[in-house]
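Given next are the chains, with one letter for each unit.
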Amino acid sequence: MSDDGLPDEMVQTFHNFHDSLKQVETLLVPYLNTPLDEMYEMLSPIEQAKSELITAYTINSLYWSFLSTQGINLDKHPLKKEMERIQMYMRKVKLLESALKGERPPTGHNPPVHQTVDKYAAARFIKRGIGKRKE
């Protein structure tokens, strides 16, 4: 037990958390010391959008954590919809970014916001379907 009456494991956890916060603060110093308009001059429009989305997501995540510590049920809280909205825009930016690079849209667990036709797969289906046609 420490002098505060807290278990040693808890004190160590608090020290680790404090050290992590110091590291985050150190990483944010250059970001916070640069005026926003100067920073945006160095970024492309896509990077600006990503920066805004990351900032919004981070702030909402921190607020989510705070509400969780207060025992608030977040299943039906408006913050959940806001987080989903930000994630939707993150997917849109990712789709736009891949389209600008000329890449196929990403597929997987995060489906695109709008449905797209996979031209390559459609061409394979058509080619195989025509080749096996019986008359």
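Everything here concerns the structure above.
Residue numbers run consecutively from 1 along every chain, following the written order of its sequence. Residues qualify for local features only when their pLDDT is at least 70, as the model is predicted, and side-chain atom pairs are given and counted only at 80 or more; totals for whole chains, interfaces and linings, by contrast, use all residues. Computation of side-chain values covers all heavy atoms of the structure but excludes hydrogens and water.

Peer 1: What's the story with the overall build of the chain in this structure? I'm lost.
Peer 2: Every helix listed is a DSSP run of H or I at least four residues long, and every strand listed is a run of E at least two residues long, numbered separately from the N terminus. When you go through the chain residue by residue, the secondary structure sums to five helices and zero strands. Ordered by position from N to C terminus, the α and β elements of the chain give α-α-α-α-α. If you take every contact in the chain between residues at least 6 apart in sequence, the share linking residues at least 24 apart comes to 32%. Summed over all atoms, the accessible surface of the chain reaches about 11700 Å², with 59% contributed by carbon and sulfur. Any two residues whose heavy atoms approach within 4.5 Å are treated as being in contact. Using the Shrake-Rupley algorithm and a 1.4 Å probe, accessible areas are obtained, with residue cover drawn only from the displayed protein chains.

Peer 1: Just checking my understanding: could you explain the packing of helix α3 (residues 45-69) against helix α4 (residues 78-100) for this structure?
Peer 2: A pair of packed helices is characterised by two quantities: the angle between their axes and the separation of those axes. α4 packs onto α3 with a crossing angle of 155° between their chain directions and a minimal axis gap of 10 Å. The pairing of α3 with α4 is recorded here as roughly antiparallel in orientation. Relative to α4, the crossing made by α3 is left-handed. Residue-level inspection shows Ile 46, Ala 49, Lys 50, Leu 53, Ile 54, Ala 56, Tyr 57, Asn 60, Ser 61, Tyr 63, Trp 64 and Leu 67 of α3 in contact with α4, the latter providing Leu 79, Lys 80, Glu 82, Met 83, Ile 86, Gln 87, Tyr 89, Met 90, Val 93, Leu 96, Glu 97 and Leu 100. Side-chain classes follow a simple rule in which Ala, Val, Leu, Ile, Met, Phe, Trp, Tyr, Cys and Pro form the nonpolar group, Asp, Glu, Lys and Arg form the charged group, and the remainder, Gly included, forms the polar group. Here the contact of α3 with α4 is built from residues that sort into 17 nonpolar, three polar and four charged. To get an axis, fit a line to the C-alpha atoms, keeping to the stretch in contact for a helix; angles then go from 0 to 180 degrees between the N-to-C directions. Roughly parallel means an angle under 35 degrees; roughly antiparallel, over 145; roughly perpendicular, 65 to 115; everything else is oblique. Each crossing is labelled by how the near helix is turned from the far one, with a counterclockwise turn of less than a right angle marking it left-handed and a clockwise turn marking it right-handed.

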